[in-house]
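The chain contents come next:
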Amino acid sequence: MTQPNISSAAFADTKPHYALLDGLRGVAALFVVWYHVFEGFAFAGGSAIDTFNHGYLAVDFFFMLSGFVISYAYDDRWSKSMTLKDFFKRRLIRLHPMIIMSACIGTVTFLLQGGVKWDGSETPLAWVFVAFILTCCFIPAYPGAKYEIRGNGEMFPLVGPAWSLFFEYIGNICYALFIRRLSTRMLSVWVILSGILLAWFAVFNVSGYESIGVGWTLDPVNAGGGFLRMFFPFSMGMLLARTFRPVPVRGIFWMASIVLFILFSIPFFPSSGIICINGIYEMVCIILVFPLLIRLAASGETTDKISTNICRILGDLSYPLYMVHYPVMYLFYAWLIKNELYTLGETWPIVAGVYLLNVILAYVALKLYDEPVRRWLTLRLLKKGRP
């Protein structure tokens with residue numbers, strides 16, 4: 001087996017990282033920001049997203065990567081010194097500091113926006129404070145709650161994409177409590193069953209959205225769909241890690257990045273009767289293409305200093321970028337609505353500035369906050385400062 005490269009920023013992990021998977025995670029995060037640009041045009045114009053239509057599938061790709069990495073990093077530790085307490089400490093140290101930072105940024109941008117809901121009504125400052133505290137504690141809002149301060153049903157109205165972290169936390173808890181205990185055969189059965197349920201949800205358009213772009217709010221369909229979106233790819237990632245056999249392909253990082261861009265750019269497919277053609281496409285991506293890309297990328301390694309640095313930087317930026325970009329996008333959306341601008345051609349200089357601002361903000365948050373805080377927590381909460 002090819003030894004994966006070590007990420008120099010991975011001070012909280014003693015195992016080497018798969019460098020190409022780190023890089024692909026960063027590529028997918030960049031694509032999420034691009035997808036949300038076009039979501040803004042659709043939101044401002046009251047229409048469907050008509051460019052980069054399937055960018056929401058990056059979330060399912062993230063879940064699968066997470067399952068792979070969690071299984072690889074922790075499966076063999078439980079029989080040694082790993083305890084549930086230690087595992088949850090590690091995961092909180094890795095994930096929660098950026099949740100707090102994104103809540104701070106989200107509060108500032110909401111106030112800069114005027115502290116109003118999307119319908120123009122004012123939100124009392126006290127409820128903004130409540131939303132901030134609940135976001136820091138990672139307690140989701142239910143639709144219609146007074147602390148759901150934007151009025152469109154988001155679990156985390158200060159940081160919309162945090163909904164996927166909510167399900168990520170649930171996946172981590174389920175992994176620690178029972179999924180890790182499954183034999184490889186039983187894990188395979190679990191993956192098949194969860195895949196069947198996800199396919200049923202998507203192909204028969206249970207959500208009514210003609211897509212699996214669900215999970216961001218706590219109504220029954222979204223909550224149930226969010227669980228399905230997390231459990232299958234997360235468990236599939238675990239299965240891939242347990243059964244991994246390298247299949248080296250030269251240049252796989254660049255090829256996989258191009259494939260992801262194409263998959264996310266494919267236009268929506270119209271429904272045909274009770275069958276959702278778009279749901280079939282989504283299942284092809286999640287059940288067939290994503291596992292293949294992850295297996296091939298895990299089989300490869302960087303071959304020069306430039307590619308090593310690219311993958312390391314992209315991997316380091318991926319989580320901060322995912323968490324901090326949407327508060328900035330809220331301001332961008334409000335600007336689009338106010339100026340009645342709905343296309344990239346009308347707004348490309350602003351889009352370029354917003355995109356660059358998000359990348360810079362993520363890098364600053366990573367270097368000046370996330371890494372120092374995680375290092376400090378690691379030294380104080382884990383034995384001898386080790387993961």
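Structure: see above.
Residues numbered from 1 in each chain as written. Predicted model: local features only at pLDDT ≥ 70, side-chain atom pairs only at ≥ 80, totals over all residues. Heavy atoms only, no water.

1. Let's talk about the packing of helix 2 (residues 57-74) against helix 9 (residues 277-299)
One can describe the packing of helix 2 onto helix 9 by two numbers: an axis separation of 10 Å at closest approach and a directional angle of 45°. Here helix 2 is positioned oblique relative to helix 9, judged by the angle of their axes. For helix 2 against helix 9, the interelement crossing comes out right-handed. Contact residues: helix 2 offers Leu57, Asp60, Phe61, Met64, Leu65 and Phe68, while helix 9 offers Glu282, Cys285, Ile286, Phe290, Pro291, Ile294 and Ala298. The class makeup of the residues in the contact of helix 2 with helix 9 is 11 nonpolar, no polar and two charged. (Axes fitted to C-alpha atoms, helices over the stretch in contact; angles between N-to-C directions. Helix = DSSP H or I, 4+ residues; strand = E, 2+ residues; numbered from the N terminus. Parallel < 35°, antiparallel > 145°, perpendicular 65-115°, else oblique. Left-handed = near helix turned anticlockwise from the far one by under 90°. Contact = heavy atoms within 4.5 Å. Nonpolar A, V, L, I, M, F, W, Y, C, P; charged D, E, K, R; others polar.)

2. Observations regarding the state of the cysteines
Within the structure shown, the criterion is met by zero disulfides. With no disulfide partner, Cys276 has as its closest neighbouring cysteine sulfur the one in Cys285, 13 Å distant. On the basis of relative accessible area, Cys276 is assigned to the buried category, the value being 0%. Judged by relative accessible area, Cys285 falls into the buried class, the value being 1%. (Disulfide = S-S within 2.5 Å. Buried < 20%, exposed > 50% of the residue type's maximum accessible area, 1.4 Å probe, protein only.)

3. Remarks on the nonpolar core
Of all hydrophobic cores here, the largest spans 116 residues; its most connected members are Phe68, Tyr175, Phe264, Ile286, Phe290, Met323 and Phe332. Once residues lying within four places of it in the same chain are set aside, the contact partners of Phe68 are Tyr18, Leu21, Gly237, Met238, Leu240, Ala241, Phe244, Ile294 and Ala298. (Core = buried A, V, L, I, M, F, W, Y, C linked by side-chain atoms within 4.5 Å.)

4. As for the environment of Ile350
Take Ile350: it is sitting in helix 11 (residues 344-381). The exposure class of Ile350 is partly exposed, given its relative accessible area of 38%. Sequence spacing of Ile350 and Phe332 is 18 residues, and the spatial spacing of their C-alpha atoms is 8.6 Å. Ignoring sequence-local partners within four residues, the contact set of Ile350 consists of Phe332 and Trp335.

5. Observations concerning the environment of Met236
Secondary-structure assignment places Met236 in helix 7 (residues 220-242). The contact partners of Met236, leaving out residues within four places of it in the chain, are Met64, Val191 and Pro291.

6. Observations concerning unusual backbone geometry
One non-glycine residue with positive phi stands out, namely Phe52, at about 55°. As for its placement among the helices and strands, Phe52 is situated in the loop between helix 1 (19-45) and helix 2. Here the phi dihedral of Asn205 falls at roughly 50°; this positive angle occurs in a residue that is not glycine. Overall, the relative accessible area of 22% leaves Asn205 in the partly exposed class.

7. Here we look at the pattern of salt bridges
It is possible for side chains of opposite charge to pair when their charged atoms get near one another. Applying the stated criterion across every chain yields a total of six salt bridges. The partner of Asp22 in a salt bridge is Arg25, and the shortest N-O contact between them spans 3.2 Å. Separated by three residues within a single helix, Asp22 and Arg25 lie in helix 1, roughly one turn from each other. (Salt bridge = Lys/Arg side-chain N within 4 Å of Asp/Glu carboxyl O.)

8. What to know about the packing of aromatic side chains
Evaluation of the coordinates by the stated rule reveals 42 aromatic pairs. Centroid distance Phe87 to Tyr175: 5.5 Å. Interplanar angle 45°. Geometry classified as tilted. Here the residue Phe87 occupies a position in helix 3 (residues 84-112), and Tyr175 occupies one in helix 5 (residues 162-177), the gap between them amounting to 88 residues. Among the residues examined, Tyr175 registers a relative accessible area of 0% and is labelled buried. Between the aromatic rings of Phe253 and Trp254, the centroid separation amounts to 4.9 Å while the plane-to-plane angle is 75°, which identifies the pairing as edge-to-face. A network of ring pairs unites the aromatic residues Trp34, Phe38, Phe41, Phe43, Trp118, Tyr326, Tyr330, Phe332, Tyr333, Trp335 and Tyr355 as a single cluster. When the ring centre of Tyr330 is taken as reference, the NZ or CZ atom of Arg150 above it lies at 3.4 Å. The lysine or arginine in question, Arg180, covers the ring of Trp78, its NZ or CZ lying 3.7 Å from the ring centre. (Phe/Tyr/Trp six-rings, centres within 6.5 Å; stacked < 30°, edge-to-face > 60°. Lys NZ or Arg CZ within 6 Å of the ring centre and 35° of its normal.)

Remember that the coordinates give geometry; whether it matters functionally is a separate question.
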